[in-house]
Every structure is written in structure tokens, then in C-alpha cells.
Amino acid sequence: MNNSSNECLFIPLNATKTFKIPVYSIILVFGLPLNILAFWALIYQLKKSVVLSVYIMNLVVAHLLQILTLPFWMYYSLNNHLWSLGKAACLFIGVAFRTNFYAKNSFLCLIAMERYLGLAHPLRFHQAQTIPGAVKISILVWLVLLTLCTIGIELQVRTFEPWKACVDSSILNYPYAKFRVSIVGFSFIIPLFLMAFFHIRVLFKLRQVASLEKRVKTQISGFISLLIMTFFLLFTPYQIISCYRYLLEVMTPSPAICDSLREIFVYEHATLCVSLLDNILDPLFYNLLLKDIQTDFRKCLRSRAGRKGVSSEARISSTFKHSENIRPLPNPYSYVGKNLIP
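What you see is a predicted model, and the numbers here were worked out from it, not measured in a lab. (Residues numbered from 1 in each chain as written. Predicted model: local features only at pLDDT ≥ 70, side-chain atom pairs only at ≥ 80, totals over all residues. Heavy atoms only, no water.)

Taking 1.5 Å of rise per residue, the 24 residues of helix α6 (residues 184-207) would be expected to cover 34 Å, and the 34 Å separating its terminal C-alpha atoms lies within 8% of that figure. Approximately 30° is the largest bend angle found in α6, and it occurs at I190, with the proline P191 only one to four residues beyond. Among all positions of α6, only V184, S187, F188, P191, M195, F198, H199, V202, L203 and L206 are buried. (Helix = DSSP H or I, 4+ residues; strand = E, 2+ residues; numbered from the N terminus. Expected span 1.5 Å × (residues − 1). Bend = angle between axes of the 7 residues up to and from the residue. Buried < 20%, exposed > 50% of the residue type's maximum accessible area, 1.4 Å probe, protein only.)

This is the structure we're talking about:
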């Protein structure tokens, strides 16, 4: 260990570029346009006063802001984890990346909660199920997360040195390690529990709806199960390894911890890459696969084609002909409640 900077030596820093740069490039190429399209269509949903769209809009914004930080981390990885943009840029980009990382978890929970309340308690929590109520909740979530992530990043950049690592797990930082261990329940365990609870309760409620066709119940149940499984598979590996890494730092003497960090460093960054794939999957799951969103895309294209004097039917046909044979997910508005799926 380098005692002057608390940096563990012989960490395989150059190994991350072999998978980080390709994965981040894929997320940029596919995630950015998918989330922009989702944002575009959600504007139409908000005009219909669909409360759930407020939370999905915030989820999309979190995706977009995080995706925009990826080129900086690609350069950082290419440069063998040496940051050349200064302390202020390290602080700003670090806060932007991490805040939106945890914002996604929070808004996924709020989406699950809104579905459950709209189905099981449509009148009891009426104030929370309005556009102004959803906006207030969203602002509160952003403020709490921004505060926590700013505190965490500020603890990390205290040890910042020019042309050294930026908020990197190869740097030992005991105060930050204690901070990370203390918020693991808030940042992952509670969101995971709430997502599972709300979605499972929705599944139970669906079984009680006698008017709902068995085929439709199966489709909705499969969709919700896919959401739970995706969240668990994408986020759990990184959260477990990350928590283990910071627990080691809290509980292990500094000279002995570097050997352990060398062993898990690549796995930690590989699972981080896996967790970021939700920037592609979420706009597909929550927006583009849903019937109302597809309808709004058609309206958008008709409007744009009309303004440009191009045949709207030709534009729409060419854009959506690949999905004509794909059955969209059912819209439970007509079955079991306004807020189950937008």
C-alpha cells in the first residue's frame, strides 16, 4: 500500500478497460436514443394526467443524466484510472453518476408503489395519486439522494490528488467506507424489499379479479415477474460485492486489506457494468413495450410527418412494420385499475 495516498498498489486497473469501454459504448448507442424516445412519448402521457408517468419520467431523466456521464468514465478507464480533469469535475461527475444510480432504484420503487396503490387502495391515498402529489414526492426523493450522494462523494474527494484516481474503489477511505456501510439498507435492501412487496401484492390482487381473462392475467403476471427478476439480477451482484468491499475496509487493518481488494476489484467493476444495463432495459420494459406508449409514438410521428408534408401513413408503416406481428402487453386500464400499467 502507498501510505502517502492510501492507494493499494498492484490493483489491476488496466483490466477494466477490456469490458467497461465496450459495455459503456453499447449503453450510449442504445440507451441514449431509447430514453430520449421514452421521454418524448411520456410528455403525451403527462398531458393525459397519468400519475404513474411522473415517476417513469423521473426514471428516464435519471437514465439520461447517468448515460451522459459515461464518456468521462470511459476516458478514465482508458487512462488506467488516472483523472486529468481536476477535482471540481471529479466531484460534479461523481455526484451526477451516483445520484442517478440510486435515483433509479428509488423511482422503480415508486412505480411499483403507484401500481399497487392504484389497484388496491385507489381512494385511501388519493393525495399521493395526483400529479402535484407525485411531483412533490419526486422532488423530495431527488433532494434526499442528492444530499446523501454529495456527502459520500465529498468524503471521497478529500483524498483527491491531481492525476490520481477519482472516486475509485482502489483508494482506501475509512470515513467513506463507514458511510457506505451505514446506508446500504437505504440504498438497496429497502428498495429491493419494497419492489418485491408491491409487485407481489399486485399479483395477488390480480388473482382476485374475476373479470380478467386468464390469458391476460398470465401476461401481466409474467411482465411483473420479469421486472422483479431483472432488478434482482442486475443490481444484487454489484451491491453485494460493493458492500463486502467496504465492510472489509471497516473491519480489516489497512495493510492487510489490499490483498482482498486486488481479488475483487475486477468483479466489482464488472458487476457495476451489469447494473448499468438497466439504462437500456428500463425504457423497453416501462415504455416501449406498453400499448399506450406505442400509440403516442404513432401520434408523434403523424404530427411530425404532417408538418413536413410527408405521408404520415408511410412514415408510421415504415417505423412500426417490424412490430405489427408483436402482441403488445395488455393495458390493464380496462380491467383492474387506472394506475397498474400506463
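Moving on from the coordinates now.
Looking now at the pattern of salt bridges. If you walk through the whole model with that rule in mind, you get 4 salt bridges. We note a salt bridge from E249 to R245, for which the minimum N-O separation is 2.6 Å. One end of the pair, E249, and the other, R245, are both in helix α7 (residues 214-251), 4 residues apart, so they sit about a helical turn from each other. D259 is the partner of R262 in a salt bridge, and the nearest nitrogen-oxygen pair spans 2.3 Å. You can see R262 and its partner D259 sitting in helix α8 (residues 254-275), 3 residues apart, about one turn around the helix. On the basis of relative accessible area, R262 is assigned to the partly exposed category, the value being 26%. (Salt bridge = Lys/Arg side-chain N within 4 Å of Asp/Glu carboxyl O.)

Turning to the nonpolar core, a few remarks are in order. Y24, Y55, W73, W83, F107 and Y286 are the most contacted members of the largest nonpolar core, which totals 76 residues. Only α1 (17-47), α2 (52-78), α3 (87-120), α4 (131-157), α6, α7, α8 and α9 (278-288) provide two or more residues apiece to this core. With 18 residues, the single largest contributor to this core is α3. Beyond its immediate chain neighbours, meaning those up to four positions away, W73 contacts Y24, W83, I93, G94, F97, C166 and V167. Counting residues in hydrophobic clusters, the runner-up holds 10 residues, among them C8, C258, L261 and F265. (Core = buried A, V, L, I, M, F, W, Y, C linked by side-chain atoms within 4.5 Å. Contact = heavy atoms within 4.5 Å.)

For the structure on display, the rule yields 1 disulfide. With its sulfur 2.0 Å from that of its partner, C90 forms a disulfide with C166. The disulfide joining C90 to C166 has a torsion of about 105° about its S-S bond and is therefore right-handed. With C90 in helix α3 and C166 in the loop between α4 and α5 (174-182), this pair connects stretches of sequence that are 76 residues apart. Both residues of the pair, C90 and C166, count as buried. (Disulfide = S-S within 2.5 Å.)

The subject of this paragraph is α3. Under the 1.5 Å per step criterion, the end-to-end length of α3 is 49 Å for 34 residues, consistent within 8% with the ideal 50 Å. Within α3, 29 of the 34 residues are buried, which leaves it mostly tucked inside the rest of the structure.

A few words on the side chain of N279. Relative to the elements of secondary structure, N279 occurs in helix α9. Residue classification places N279 among the buried positions, given a relative accessible area of 0%. Within polar-contact distance, the side chain of N279 engages the backbone oxygen of L276 at 2.8 Å. (Polar contact = N/O pair within 3.5 Å; in protein donor to acceptor, adjacent residues only side chain to side chain.)

Quick look at the packing of aromatic side chains now. Two descriptors summarise a pair of aromatic rings, namely the distance from one centre to the other and the angle between the planes of the rings. Applying the stated criterion across every chain yields a total of 16 aromatic pairs. Relative to F235, the ring of F101 has its centre 5.9 Å away and its plane inclined at 75°; by these criteria the two rings are edge-to-face. You can see F101 sitting in helix α3 and its partner F235 sitting in helix α7, a full 134 residues away along the chain. We note that F101, like F235, is buried. Taken together, the ring pairs in this structure connect F101, Y102, F188, F231, F235 and Y238 into an aromatic cluster. (Phe/Tyr/Trp six-rings, centres within 6.5 Å; stacked < 30°, edge-to-face > 60°.)

Once that is clear, we can look at the UniProt feature "transmembrane region" (unreviewed entry) in the protein chain. Per the UniProt record, "transmembrane region" (unreviewed entry) is found at residues 21-43, 55-76, 82-103, 133-153, 179-200 and 220-241. In residues 55-76, helix accounts for 100% and strand for 0%; the two terminal C-alpha atoms are 32 Å from one another. Between the C-alpha atoms that bound residues 82-103 there is a distance of 27 Å. The span itself is 77% helix and 0% strand. (UniProt positions renumbered as here; feature names shortened; annotations may be inferred.)

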